[in-house]
Amino acid sequence: MPKFTKLTDPYTLANGVKIPCLGYGTWRMQDGPDTQAALQTALAQGYRHIDTAAYYGNEASVGRALRASGIPREAVFLTSKVWNTDRGYASTKAAFQATLDRLGTDYLDLYLIHWPAAANRFDDWEAINRDTWRAMTELYQAGKIRAIGVSNFRPHHLKALLETEVPPMVDQIEFHPGCQQGETLAFCRERGILVEAWSPLARGRVLDHPLLVSLGKKHGKTPAQICLRWCLDQGALPLPKSVTPARMAENAGIFDFALDEADLAAVAALPPFGGSGHDPDRLDF
């Protein structure tokens, strides 16, 4: 397990690409000056890993914030995702170019399939995922993307892609103390796939849990910081989101303490709570 001392310390992906261990998520941040301002604040605080998606509708704001920051493009790790309606070979390539245009960049550091094709909607869901992956693999091999991966994939979704020329390097899943996804985490660990944690604070729904409050008091930290530290201790990469400067700083303040074995065992014993309830095999979007 890597030892992290600051938010830019990296995990190393299976292909050798380094990715900062704490990201800045942008889900539900509207396109416009407020989002641009929040991103510029995050960058000024030292964040160098930004996670967006075509579906979020804010890629243009992300691009403007990066340019306004004055930080060299190569110093920021930038992720986006192909949306469900753009899956497939040709449509994925077109969607990727549209993402580059909105961001105002000529490459991505990481590109993900946002959701697997759902089995309840497509008899050929595996073929759709493979065609999407083939397009992403070609873009990766052409140097347009430094790393490729998936989001919300479970082991049975991943197996077919692991048989391809370039296997997934990342799986971004809902992951927090109330949604531990042990099977997917173990599957990815065994195969060198980095798990990224979307909604690592469960949109705030886990922060009043008595155990997390108690652990926060024990370590002189907030429940949010306990959740983010727990993600790192599982070998996952958390992607918290906040538009509040103080919260951005709080989320980055997780490198001066560690959870002990008793803490980790207590969190591991928690029953599921606070999850989104999204089943990637039964999507209606």
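For the structure, see preceding data.
Just so you know, these numbers come straight off a predicted model, no measurement behind them.

Parameters at a glance
Residues numbered from 1 in each chain as written. Predicted model: local features only at pLDDT ≥ 70, side-chain atom pairs only at ≥ 80, totals over all residues. Heavy atoms only, no water. Helix = DSSP H or I, 4+ residues; strand = E, 2+ residues; numbered from the N terminus. Rg over C-alpha atoms; globule rule 2.2 N^0.38 Å. Buried < 20%, exposed > 50% of the residue type's maximum accessible area, 1.4 Å probe, protein only. Contact = heavy atoms within 4.5 Å. Areas by Shrake-Rupley, 256 points an atom, 1.4 Å probe, with all protein chains shown as cover. Lys, Arg positive; Asp, Glu negative; His and termini not counted. Charge placed at Lys NZ, Arg CZ, Asp CG, Glu CD. Salt bridge = Lys/Arg side-chain N within 4 Å of Asp/Glu carboxyl O. Axes fitted to C-alpha atoms, helices over the stretch in contact; angles between N-to-C directions. Parallel < 35°, antiparallel > 145°, perpendicular 65-115°, else oblique. Left-handed = near helix turned anticlockwise from the far one by under 90°. Nonpolar A, V, L, I, M, F, W, Y, C, P; charged D, E, K, R; others polar. Phe/Tyr/Trp six-rings, centres within 6.5 Å; stacked < 30°, edge-to-face > 60°. Pairing = 2+ DSSP bridges.

A.B. asks: In this structure, what is going on with the overall build of the protein? I would like to understand it.
C.D. replies: Across its full length, the protein holds 10 helices and 10 strands. Against the globule reference of 19 Å for 285 residues, the protein gives a C-alpha radius of gyration of 18 Å, in line with a compact fold. Its C-alpha atoms give the protein principal-axis dimensions of about 55 × 40 × 35 Å. Out of the 285 residues belonging to the protein, those deemed buried represent 56%. Here the contacts in the protein between residues at least 6 apart in sequence split such that 74% fall between residues at least 24 apart. Accessible area of the protein: about 11900 Å², with a carbon and sulfur share of 51%. Distance from the positive charge centre (30 side chains) to the negative charge centre (32 side chains) of the protein: 4 Å.

A.B. asks: What is the right way to read the pattern of salt bridges from this model?
C.D. replies: Any two side chains of opposite charge can pair, so long as their charged atoms come close to each other. Under the defined criterion, the tally for this structure stands at 15 salt bridges. Among the ionic pairs, aspartate 109 bridges to arginine 146, the shortest N-O distance being 2.9 Å. With aspartate 109 in the loop between helix H3 (89–103) and strand S6 (110–113) and arginine 146 in the loop between helix H4 (125–141) and strand S7 (148–151), this residue pair connects regions lying 37 residues apart in the sequence. For aspartate 109, a relative accessible area of 1% gives the class buried. Salt-bridge contacts for arginine 229 lead to aspartate 233; the nearest nitrogen and oxygen are separated by 3.2 Å. Here arginine 229 and its partner aspartate 233 are both found in helix H8 (residues 223–233), 4 residues apart, which amounts to about one turn of the helix. Here arginine 229 and aspartate 233 have matching classes, each one buried. Each of Arg73, Asp109 and Arg146 takes part in a single network of salt bridges with overlapping partners.

A.B. asks: Is there a simple way to explain the packing of helix H1 (residues 33–44) against helix H2 (residues 59–69) in this structure?
C.D. replies: Packed helix pairs are specified by the crossing angle of their axes together with the interaxial distance, meaning the distance between the axes. As a packed pair, H1 and H2 sit with axes 8 Å apart at the nearest point and diverge in direction by 45 degrees. For the element pair H1 / H2, the angle class is oblique. Two packed elements cross with a definite hand, and for H1 against H2 that hand is right-handed. Residues Thr35, Gln36, Leu39, Gln40 and Leu43 of H1 form the contact with H2, whose participating residues are Ser61, Val62, Arg64, Ala65, Leu66, Ala68 and Ser69. Looking at the contact of H1 with H2, its residues break down into 6 nonpolar, 5 polar and 1 charged.

A.B. asks: So what exactly am I meant to see when it comes to unusual backbone geometry here?
C.D. replies: What you tend to see is this: most non-glycine residues have negative phi, and most peptide bonds are trans. Phi at arginine 28 takes a positive value of approximately 70 degrees, unusual for a residue other than glycine. Along the chain, arginine 28 turns up in the loop between strand S3 (24–25) and H1. Under the relative-accessibility criterion, arginine 28 is labelled exposed at 59%.

A.B. asks: Honestly, the packing of aromatic side chains in this entry has me stumped. Any pointers?
C.D. replies: Given two aromatic rings, their pairing is described by the distance between the two centres and the angle made by the two planes. By the definition in use, this model includes 9 aromatic pairs. With a centroid separation of 5.7 Å and 70 degrees between ring planes, the pair formed by tyrosine 24 and tyrosine 47 is classed as edge-to-face. Pair noted here: tyrosine 24 is in strand S3 and tyrosine 47 is in the loop between H1 and strand S4 (49–51), with a separation of 23 residues, a long-range link. Taking the relative accessible area as the measure of exposure, tyrosine 47 reaches 1% and is therefore buried.

A.B. asks: How should I be thinking about the sheet that holds S7 in this particular structure?
C.D. replies: By way of backbone hydrogen bonds, the strands of a sheet pair with one another, either parallel or antiparallel. Taken together, 8 strands build an open sheet; the order of strands is S3-S4-S5-S6-S7-S8-S9-S10 and the sheet is parallel. The open sheet is flanked by S3 and strand S10 (237–239), the only strands paired with a single partner. Taken together, the 2 bridges between S3 and S4 define a ladder with parallel strand orientation. Its bridge partner lying in S4, glycine 25 is registered against aspartate 51.

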